[in-house]
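The lines below spell out each chain.
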Amino acid sequence: MTAMLAAVQISKSFVGVPALSNVDVEVRPSEVVGLIGENGAGKSTLMRVLAGTHRPDSGSLTLDAKPLRLRNARDAAVHGIGMVFQEQSLLLNLSVAENVYFGQEAQFARFGIVNWRRMNLAARRQLEKIGVDIDVTTRTSELTFAARQMVELAKALTLEESTQRQLVILLDEPTSMLGQADIETLFARVRALKARASFVFVSHRLEEVLKISDRVYVMKDGRVVAEHAADAVTAPRLHEIMVGRGLQSEYYKEMKQEPPGAEVLLETSNLGVARIFRNVDLKLHAGEVVGIAGVVGSGREEVTRCVGGFLPQTNGMLSVAGVPTRIVSPGQAVKAGIGYVPRERRIEGLVMFLSIAINITLANLDCVMSHGVIDYRRERNLAVDWIRRLRIKAPSPDIACRNLSGGNQQKVVLARWMNAGSRILVLDHPTRGLDVGAKEEVYELVRELSAQGKGILLISDTLEETIGLAHTVLVMRDGEITARFDASRGRKPDQVELLRHMV
Amino acid sequence: MAYALFPMNGRVRLMTFNANRVDSRPPLKPPSDIASRPRGVALSSMASHRWRALAPLFVLVVLAALISVANPNFLEVRNLIRIANSASVPLTLAMGTTFIILLGSIDLSVEGAVSLSAMVLVLLAANNLNDNNYGWAAVAAAVAASTVMGLASGVIQTMLRIPSFMATLGTWFIGLGFSVFMLGGSAVRLVDPALRGLALSRFLGLPFAVWIAAAAFAFAVVIQYYTRVGRHIVAVGGGEDVAELSGINLVRVRIAAFGLAGFFYGIAGVLAAAQLGQSDAVIGDGRMFAAVTAVVVGGTSLTGGEGGVVNTLIGVIIVTVLSNGMILLGISPYVQQTAQGLMIIAAVALTLDRTRLKIVK
């Protein structure tokens, strides 16, 4: 079968970090194409290129073998390419019908006045196409997440009205927030619509991808590393391809991984947050890295946010250095000696336009106060000292953090917690958005922190990184711990083994 | 990018907060927050940061030059003292407003606080309405009243989770209404000679009010740059999430900032009453506009975190020089008002780094 939409040798990088390199992908008529890969493999970037919201640095798109230039999402829509977003793109304060025809109201308008009755009728027809029975005048905020997903799909299908050709609909992780029954419904709709449209389906859940797709592309580090017919490959095999290179102990500085101390810094028993996760027992020793593995929705993110004080626990016990502690705000976490290194450095990690020095002392201004006022000389010297100790590449402690590279920004966040005397560090995707070199530096730092007796609770983008860095790996699924693995030096568990407990 | 007074190695000097200082040093990796923008845009916006930093000073110099060419009397010592005197109340007010805007909030209660403070002063000090004569205690009570009103604005915002815009709109009218009620709608004269002296007597050739405003400025500088609360205000304004994650108590910082602002408004109210020799309901009229204009013209970012009280000093001088100049040039008061309106819009257009603002609400 010939390609309908094709990406040819697409490359795209963000500030020097390549996100896609020479990617070739094609979508054939009436086909569901699966796209899998770990976080950061380039799936979302590729989808955005196909949807016209990112322009590639090099390479081209073709539609029916003719070159296709997309300047924005509207261009893509004109050519029958629509995207259903991972974070839904519906406006919750508008009605379902208004959302379905958002931006296309002109067809219902006469002399600038919209005929709502006609729009509602048309929207109802769209929803009927996918067999969904929702009152189109409902405020979108009143719908369930799954119902909204259906509305998104209906919205994408309105493209049919403006183009003669078959549609290409991009589904970016549509199932990550859905329950099993809703997933089945979505899949049934997709199958029913295959005669009229092709789909590109992105998901973390391999079984799902195999179930719905005709063909699967595997991405890794911004490249397409494999292409398989869905009936000729198994989930474990796909996973092997997806995580690629076996464990590279060198990369994760495994030789520097020392056994943890005896002191227990953080202990939880039966820790839970209602309806999100439950019965989490973990022990974090001095010098230990505990990694939590799990897919989106497994509850691992929430466990770290609970320890960081964002998500108050509702069940169980948490104790810090043997003392039972209730942490209901980030401030209390800081006081208890827990430092949270967030994934969104730009929003949660640093005040970007303030200096390195100010950012470092933010969590512990006391150490530079003398006689009730800030001693700038002491603050500056302190920052110079941290810059040296953590090898932060910066010409001076006075420059704004926004001028640092991602890896160095991450080091400034770590310096803040070390300066605040935090003994427990929560690393929330610490290497997200960093290039390979910067990642290695962060790994080096993790080893040094362990050597100093810090306890580290880690969640990371890749299984490989979690296993490589951790002493102990906990696997979570559906809000519960399903397995524990010893991952100390020389005894690293196999990824496939972990995966079995994840999905 | 805003410049700021930044003390270092025991000295106090002006420096910019951004990359321009490192031009002569080894190149840094490009900042990651421009990831989704083409490089050219980022570089040009960095160059424009430097321009922005110096814009307020530049405006002041050009303005002064133009006015003195048109009317050489402008540069006479007598006129400069007049400028300083008329800048004293706006400067004191704007110190308070600066902290609020640094926080990324807005304070509309300025006029209510000024009239409250002036009312308390004239009714407790020697006046022509009652027999009170508490002297300096009246000053303390006036400042305290305004401070309490500021704290109340902070509490209302944080406890009831009402945006600062609405909370202070409310306290503005509460303060105003209360003082109109107490004054009975008439002007009450302040007759305490010592308190009148705040405005009338001079020290080293300058009216006492100018010294008080200078002291308020110095106090604000110390607060912003040398104290925990000042640092926390800047941090919350720059990134609320970061501040919270770092263990900063956001509620406390907000309440403190509004209380601090109320303190400055209280002093300004005392000065205003002393200058006028009386207080009535409209003593605060037009003062919020002047204060907010001064802060914004000085280059403090409305989105919070950038700029500060030193910027505001320059902003206040610009605003005062402009109105003084227009008076010298004999421009109609209505045109003057229009000019000030244009200025605040121009100032926001020049100082706000709109490339970072995705949505304008």
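Because the structure is predicted, anything quoted here is derived from the model rather than measured. (Residues numbered from 1 in each chain as written. Chains lettered and ligands numbered in written order. Predicted model: local features only at pLDDT ≥ 70, side-chain atom pairs only at ≥ 80, totals over all residues.)

**Student:** Mind showing me how you'd approach the sheet that holds strand β9 (residues 167–172) of chain A here?
**Tutor:** In any sheet, the strands associate via hydrogen bonds between backbone groups, in a parallel or an antiparallel arrangement. Residue and element names in this part refer to chain A. Sheet architecture is open: six strands sit in the order β6-β9-β10-β3-β11-β12, paired in mixed fashion. Every interior strand has two partners, whereas the edge strands, β6 (81–84) and β12 (223–229), have only one. Averaged over neighbouring strand pairs, the angle between their axes works out to 20° when direction is ignored. Sheet topology note: the strand β3 (residues 32–36)/strand β10 (residues 197–202) ladder contains four bridges and is parallel. The partner of Val-33 across the bridge, within β10, is Val-200. (Pairing = 2+ DSSP bridges. Helix = DSSP H or I, 4+ residues; strand = E, 2+ residues; numbered from the N terminus. Axes fitted to C-alpha atoms, helices over the stretch in contact; angles between N-to-C directions.)

**Student:** I keep staring at the domain arrangement of chain A and nothing clicks. Help me out?
**Tutor:** How big an interface is tends to be reported as the loss of accessible area on association of its parts. All names here are of chain A. Under the domain assignment used here, chain A contains domain 1 (5–243), domain 2 (260–337 + 423–503) and domain 3 (352–421). Across the boundary between the two partners, domain 1 contributes 14 residues, which contact 13 residues of domain 2. If you list the elements that add at least two residues to the side of domain 1 that touches domain 2, you get α7 (206–212) and α8 (235–243). Here the side of domain 1 that touches domain 2 is composed, by residue class, of five nonpolar, five polar and four charged. (Domains from an automatic or database assignment. Contact = placed C-beta atoms within 7 Å. Nonpolar A, V, L, I, M, F, W, Y, C, P; charged D, E, K, R; others polar.)

**Student:** Got a minute to help me understand the pairing of β12 of chain A in this structure?
**Tutor:** Both faces of the sheet carry side chains from a regular strand, because those side chains alternate between them. Residue and element names in this part refer to chain A. Where strand β11 (residues 215–220) and β12 come together, six bridges link them in antiparallel fashion. Looking at β12, one finds that Val-218 is bridged to Ala-226. Between β11 and β12, which pair antiparallel and follow one another directly, the connecting turn spans two residues, one of which, Asp-221, has a positive phi of 45°.

**Student:** Can you help me understand the environment of Phe-108 of chain A in this one?
**Tutor:** Residue position: Phe-108 of chain A is located in the loop between α3 (96–100) and β7 (109–110). Each C-alpha atom of the pair Phe-108 of chain A and Leu-143 of chain A lies 25 Å from the other, and the pair is 35 residues apart in sequence.

**Student:** What am I meant to see in the sheet that holds strand β16 (residues 315–320) of chain A here?
**Tutor:** Residue and element names in this part refer to chain A. Spatially, four strands are ordered β14-β13-β16-β17 in an open sheet, and the strand pairing comes out antiparallel. Of all the strands in the sheet, just β14 (277–285) and β17 (323–324) have a single pairing partner and so form its edges. Pairing analysis gives six bridges linking strand β13 (residues 264–273) to β14, with the strands arranged antiparallel. Residue Leu-271 lies in a different strand from β14, and its bridge partner there is Val-280.

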